[in-house]
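Each chain, letter by letter, is given below.
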Amino acid sequence: MSDRTEGYVTELPYLSGYFEGLAPSHMELALLGAGLQAPDVAAACELGCGNGLSLAIHASSSACTWYANDINPAHIATAQRLVAAGGADVRLSSESFVEFADRKDLPQFDFITLHGIWTWVSAENRREIVRFIRERLKVGGVVYVSYNALPGWSQLQPLGRLVYELVAADEGTMEDRIGRALQAASALRNADAHYFRANPQAGPLLDDLIRRSDAYIAHEY
């Protein structure tokens, strides 16, 4: 990979948020509800941990050792502060998925999680994630993956693509480019563009985007 970020936005840090699906206890409850035995989690890993809020909470409330990576150094710096405040046992890294998968000092994991990653990374990074899981997941271990499903987003993808292309083709700060892209999309709606008439959900989505922070739009779109 010539660019280790491979198009991933590093100009703006992502928002912090808590996701209960990444918790070992949540995984155990889901498996028990399905009549399956959950593994005893001694070592866990979160791929693409972001600012680390979920990681810090889960690590401080469980007895296992956690490992995590995120390619954005600003995210890892925030995660380190949160982890230190909770006194948890976490090994953090700002390595890319390729670099992280190549490491020889990692243990075998009982639980591997990734939230908001699979949908957005490149095909090459998805292959590296699969390689990491193949090599690092214990027999009987569990992987939690969240992703966006196309059927629910197919009608709204053109609007997201429009914002993406306008930002990519523009110059200036990320914040300025996002602002101009949303203005252009609003102008199309105000001009009664056929797309907005054919897809009534697009207007409310655009209004929602306008209310969102630049960091959210940069990472989600």
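Enquirer: Sorry, what's going on with the packing of aromatic side chains here?
Expert: In this structure the tally under the stated criterion is four aromatic pairs. Aromatic pair Y67 and F109: ring centres 5.5 Å apart, planes at 70 degrees, arrangement edge-to-face. Here the residue Y67 occupies a position in strand β2 (residues 65-69), and F109 occupies one in strand β4 (residues 109-114), the gap between them amounting to 42 residues. Comparing Y67 with F109, the two get one shared label, buried. An aromatic cluster of at least three residues, connected via ring pairs, comprises Y67, F100, F109 and F132.

Enquirer: So what exactly am I meant to see when it comes to helix α7 (residues 157-169) here?
Expert: The α-helix advances 3.6 residues per turn, and as a result positions three or four apart in sequence lie on the same side. For α7, with 13 residues, the first-to-last C-alpha span of 18 Å sits near the 18 Å given by 1.5 Å per residue. For α7, every residue scored as buried is listed here: L159, G160, V163 and V167. Buried residues of α7 fall within an arc of 100 degrees about the axis and therefore sit on the same side. Facing away from the buried side of α7, by more than 90 degrees, are the exposed residues A168 and A169. Elements that come into contact with the buried residues of α7 comprise α8 (174-190), α9 (194-198), α10 (202-211) and α11 (214-220).

Enquirer: Sorry, what's going on with the sheet that holds β2 here?
Expert: Paired through backbone hydrogen bonds, the strands of a sheet run either parallel or antiparallel to each other. Pairing within the open sheet is parallel, and its five strands lie in the order β3-β2-β1-β4-β5. The two strands at the open ends of the sheet, each matched to only one other strand, are β3 (90-93) and β5 (137-145). The average angle at which neighbouring strand axes cross in this sheet is 15 degrees, direction not considered. Where β2 meets β3, four bridges bridge the pair, whose relative direction is parallel. Counterpart to N69 in the pairing with β3 is S93. Against the sheet, helix α3 (residues 73-86) engages β2 and β3, with an angle of about 165 degrees to β3.

Reading the values: rules and limits
- Residues numbered from 1 in each chain as written.
- Predicted model: local features only at pLDDT ≥ 70, side-chain atom pairs only at ≥ 80, totals over all residues.
- Heavy atoms only, no water.
- Phe/Tyr/Trp six-rings, centres within 6.5 Å; stacked < 30°, edge-to-face > 60°.
- Helix = DSSP H or I, 4+ residues; strand = E, 2+ residues; numbered from the N terminus.
- Buried < 20%, exposed > 50% of the residue type's maximum accessible area, 1.4 Å probe, protein only.
- Expected span 1.5 Å × (residues − 1).
- Arc of directions from axis to C-beta.
- Contact = heavy atoms within 4.5 Å.
- Pairing = 2+ DSSP bridges.
- Axes fitted to C-alpha atoms, helices over the stretch in contact; angles between N-to-C directions.

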